[in-house]
Each structure stands twice: as C-alpha cells, then as structure tokens.
Amino acid sequence: EVYKDSNDGNRWKLKINAVGSVIITASQAGNEFFDEAVPISQNLVINPAILIITAETKSKLYSEEDPELTYNATGFVNADEASVVLTGMLARTEGEAVGTYPILQGSLLATSSYTINYVGANLQIARAPLPDITFENETFVYDGTPKSIIVKGEIPAEVVITYTGNEQINAGTYTVSAFIDGGINYASETLNAILEITKSSQTITWTQSLITGCSGETQIVLDATASSGLPIQYSSSNLNVATVNGNILTINTAGYSDIKAHQLGNQNYLETDTIRKLNVRLIGKVKQKWNDVLVFDNTTNKYVSWQWYRDNSILTGATRQYYTSAPVPLSGTYHTVVEDTDRNFMETCPFNVLDGISKGEIKVTPNPSQFTYCQVSTFP
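Residues numbered from 1 in each chain as written. Predicted model: local features only at pLDDT ≥ 70, side-chain atom pairs only at ≥ 80, totals over all residues. Heavy atoms only, no water.

A. Region of the structure containing the overall build of the protein. Helix and strand counts for the protein stand at 1 helix and 36 strands. Seen through its principal axes, the protein has C-alpha atoms that stretch 195 × 40 × 35 Å. Burial status across the protein gives 30% buried among its 380 residues. Counting only contacts in the protein whose residues sit at least 6 apart along the sequence, the fraction spanning at least 24 positions is 53%. (Helix = DSSP H or I, 4+ residues; strand = E, 2+ residues; numbered from the N terminus. Buried < 20%, exposed > 50% of the residue type's maximum accessible area, 1.4 Å probe, protein only. Contact = heavy atoms within 4.5 Å.)

B. Quick peek at the pattern of salt bridges. Under the defined criterion, the tally for this structure stands at 14 salt bridges. When the shortest N-O distance is used, the salt bridge between Asp 66 and Arg 92 registers 2.6 Å. Taken together, the positions of Asp 66 in the loop between β6 (58-61) and β7 (71-74) and Arg 92 in strand β9 (residues 91-92) put the pair 26 residues apart, joining distant regions of the chain. For Arg 92, a relative accessible area of 13% puts it in the buried group. Here the salt bridges do not stand alone but share partners, grouping Asp 5, Asp 8, Arg 11 and Lys 13 into one network. (Salt bridge = Lys/Arg side-chain N within 4 Å of Asp/Glu carboxyl O.)

C. Looking closely at the nonpolar core. Within the largest apolar cluster, 35 residues are counted, with the highest numbers of intra-cluster contacts made by Ile 103, Phe 135 and Ile 180. Among all residues touching Ile 180, those that are not within four sequence positions of it are Leu 130, Ile 133, Val 151, Val 159, Val 160, Ile 161, Ala 187, Ser 188, Glu 189 and Leu 191. Counting residues in hydrophobic clusters, the runner-up holds 34 residues, among them Ile 204, Val 241, Ala 254 and Tyr 323. (Core = buried A, V, L, I, M, F, W, Y, C linked by side-chain atoms within 4.5 Å.)

D. Unusual backbone geometry, seen in detail. The peptide bond linking Ala 326 to Pro 327 adopts the cis configuration, its omega dihedral lying at 10°. Secondary-structure assignment places Pro 327 in the loop between β33 (322-324) and β34 (332-340). The backbone of Asp 311 sits at a positive phi, close to 50°, despite the residue not being glycine. As for its position among the elements, Asp 311 is in the loop between β31 (303-310) and β32 (313-314). Positive phi, normally seen in glycine, also occurs at Asn 312, with a value near 70°. Counting through the fold element by element, Asn 312 comes out in the loop between β31 and β32. Residue classification places Asn 312 among the exposed positions, given a relative accessible area of 63%.

E. Layout of the packing of aromatic side chains. Taken as a whole and judged by the stated rule, the model has 9 aromatic pairs. A cation over a ring is seen here: Arg 92 above Tyr 101, with NZ or CZ 5.2 Å from the ring centre. A cation sits over an aromatic face here: Arg 276 above Trp 206, 6.0 Å from the ring centre. (Phe/Tyr/Trp six-rings, centres within 6.5 Å; stacked < 30°, edge-to-face > 60°. Lys NZ or Arg CZ within 6 Å of the ring centre and 35° of its normal.)

F. Quick look at the pairing of strand β30 (residues 293-296). Residue alternation in β30 divides its side chains into two sets, Val 293 and Val 295 and Leu 294 and Phe 296, and both sets are buried. The pairing of strand β29 (residues 286-289) with β30 spans 4 bridges and is antiparallel. Opposite Val 286, over in β30, you have Phe 296 as the bridge partner. The antiparallel hairpin formed by β29 and β30 contains 3 residues in its connecting segment, where Trp 290 sits at a positive phi of about 60°. Across 3 bridges, β30 lies against β33 in antiparallel orientation. (Pairing = 2+ DSSP bridges.)

G. Structural context of the sheet that holds strand β25 (residues 242-245). Read from one edge of the open sheet, 3 strands run β22-β26-β25, paired in antiparallel fashion. At either end of the open sheet lies a strand with only one pairing partner, and these are β22 (219-221) and β25. Within this sheet the neighbouring strands show an average axis-to-axis angle of 20°, counted without direction. (Axes fitted to C-alpha atoms, helices over the stretch in contact; angles between N-to-C directions.)

H. Fine view of the sheet that holds β7. One open sheet accounts for 3 strands, arranged β7-β5-β12; its pairing is mixed. Looking along the sheet, the strands with just one partner apiece sit at the ends: β7 and β12 (114-119). Taking each pair of neighbouring strands and ignoring which way they run, the sheet shows an average axis angle of 25°.

I. Seen up close, a nonpolar patch on the surface. On the surface, a cluster of nonpolar side chains totalling about 410 Å² of accessible area is made up of Val 2, Trp 12, Leu 14 and Ile 16. When you line up the elements, Leu 14 lands in strand β2 (residues 11-14). Judged by its relative accessible area of 37%, Leu 14 is partly exposed. (Patch = residues over 30% accessible without salt bridge, like charges linked within 9 Å, V, L, I, M, F, W, Y side chains within 5 Å. Areas by Shrake-Rupley, 256 points an atom, 1.4 Å probe, with all protein chains shown as cover.)

J. Just the side chain of Thr 212, in detail. Here Thr 212 lies in strand β21 (residues 211-212). Given the relative accessible area of 4%, Thr 212 is considered buried. Residues within four places of Thr 212 in sequence aside, it is in contact with Glu 217, Ile 220, Ile 251, Leu 278, Asn 279, Val 280 and Arg 281.

So this is what it looks like as structure tokens:
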C-alpha cells in the first residue's frame, strides 16, 4: 500500500501489509512544459519475517507426568503477538524409561507472515527415588531357627534387593544391610537396620521328692533337667545337713537344707534356677505309749523344743516332748518338728497309729522323774 507521509514532507512510502509479491508503478502525468512520462514498474517481493522459537530444557523423574513443554519466541514485527501468530504445541520423542528425549516443534505453526526458525532442546527423564519403603530394626527371641529382616513396602518388579547379615541363628545384635538395585528407572541405595536376637528363657523341671531319711538312705541322685538341655549345677544351703558333688547329694544329718538347681545359661539362654527343700527326717525318735500318748526320745538331751502334727496339720498347744490325745485314742499319722541345742530344726519320720491299738509301756527320763503324778489311760 502506497501513501504520502505527511509527517515526512509528503514523501511517498510503502506500507507492508502481508507476505507476497506486488508491482509498484511510478508515473508522471506531465504539465504544460513536459509530456507525460513513461510509467516504470518494479516487482516488490515481501518475504515472511524470521521467528526464532527456542524450546526450553525440561526434566522429570521416572513415572511422573510430563511437564509442560514451553518455548521462547523472538522476531515478532509490527507489534504482532504470539497468541495471534502461533498455534499448536511442541512435542517430544516418545518413551518413558530413564533417558534423554528431544523436544520437537510438533504442531507449533506460525501465520504466513513468519517463517519459524526452530531451536530444539531435550526432556531428561531421571531415575525416580524408590517408593515408600521401610527397613526397620526387629527383635526376635532365640529358638534355634534363622532370623532375618526384610525391606517392606511397594517394591517395583524391576528392583532387586540383596541382603547382607541376615539368616542369623544365635542370640546377639547384628547389622543387616539391604542393597537396593533400582535398575534403569529407580535410584539405587543401601539401607541398614539392626537385627537383634535375645536370649531365650529356660525352665528347670524337677519333680523329685527330697523328703528322705526314714529308709536309712545316705545319698540321692538329683535329676533336675533344663528345657535347654544344658547341664544343671547343684548346691546346698546347709552343708551340715547335706553336701552335693555333681548331681550326687550326700546326707550328713537330719535337718533342712535348700537345694538349688542352677543353670548358668549361655549365648542363647538366660540363666535360671529353682530351689527345693531337702527334708532329712529323724528316724526312730517317736514311740507310742498306751493308746493315747506319743513320746519323743530325748535321752541325749540334745533337743529343746517340739511342735506336734497330725496328718500334716499342726496340733495347737502340742509343744512338749510328749503328746497325748486323751481322752480319745490316737488315730492318724503323726510327726513332730524339733529344735536342737544348736538351733537346728528337723522333723521326725511319720508315725502311723491305728485306732485303739496300744504300743506298750512308757519310759521316763531323766530318772527320777520330775513329774509328781502321771495319768495312765486304761487298756481296752
């Protein structure tokens, strides 16, 4: 389009409106002095403007959505705007694995007034961190079987985990490493956790009776067993009454002693023990006189106190050297717990009495007796 520019001395100018080819003709009509000039024409070719589209570099992690592909555009003329000149969008080479993917011009086009000079870039897909997984400390109790800890969570199929330090059997504290090979698409890493195996408790089984002395035995083979199968050690709290060598208990005298069965434990089992009361009874010390009197033989004057029992129940007030059931006859199983001059306690062997059966005469010591009279039951 030709026009006179009033702001520039009415000079003729061309206004470019579009890309294309146009013939511009210059003519002069002449005047009273000059004839009309021969018109002269020129062909004006208007080329598209160069629009430089520069893609921006992009990145994402594996399995994420693609970011928006953006660009910078320069070279607009005549106050043109990108929203009017450009249509379409960039695209990238297909693929979702970790790698580099060129960003292409795709469907991005400009109006006919522009020629696009495209400068590409890349989309970089990087390895993703592993999903939400845990590798936590764990504690087990020793039971003789291998113990392990594992990585937990949603583990992708391509991820390979290699453990170091698992499959532990004995009690202890172990560091376990899990090397997580993320393959092509996931980041690899090494995780550490503590595997602890605590010692197992154990029990001692001991059902053996340690009430003895009435059959004249002098030794007992102790037979406690530990659930762990480990050996038992024994000890006696009263060496005057009994001593222990290995599992052989040797009786020294009548009385009481706590016999301890002790298992020391080891790497895998806790220490434990149990105690049973050894009761070495006095034999032949209780005599029956008539059908209602029992007498404890204290001819040695070694014993200073008594407590009588019937059928293992205490007889209230029966605390003398003798016991009488008068006016009824003796009946049941009797024994007495005695104390000697060294303040040792012991009990007599059971003495069984049938109803109404007399066992003979009485012997009183010391002689002469200090009693002023004695009541004797009538024989049946």
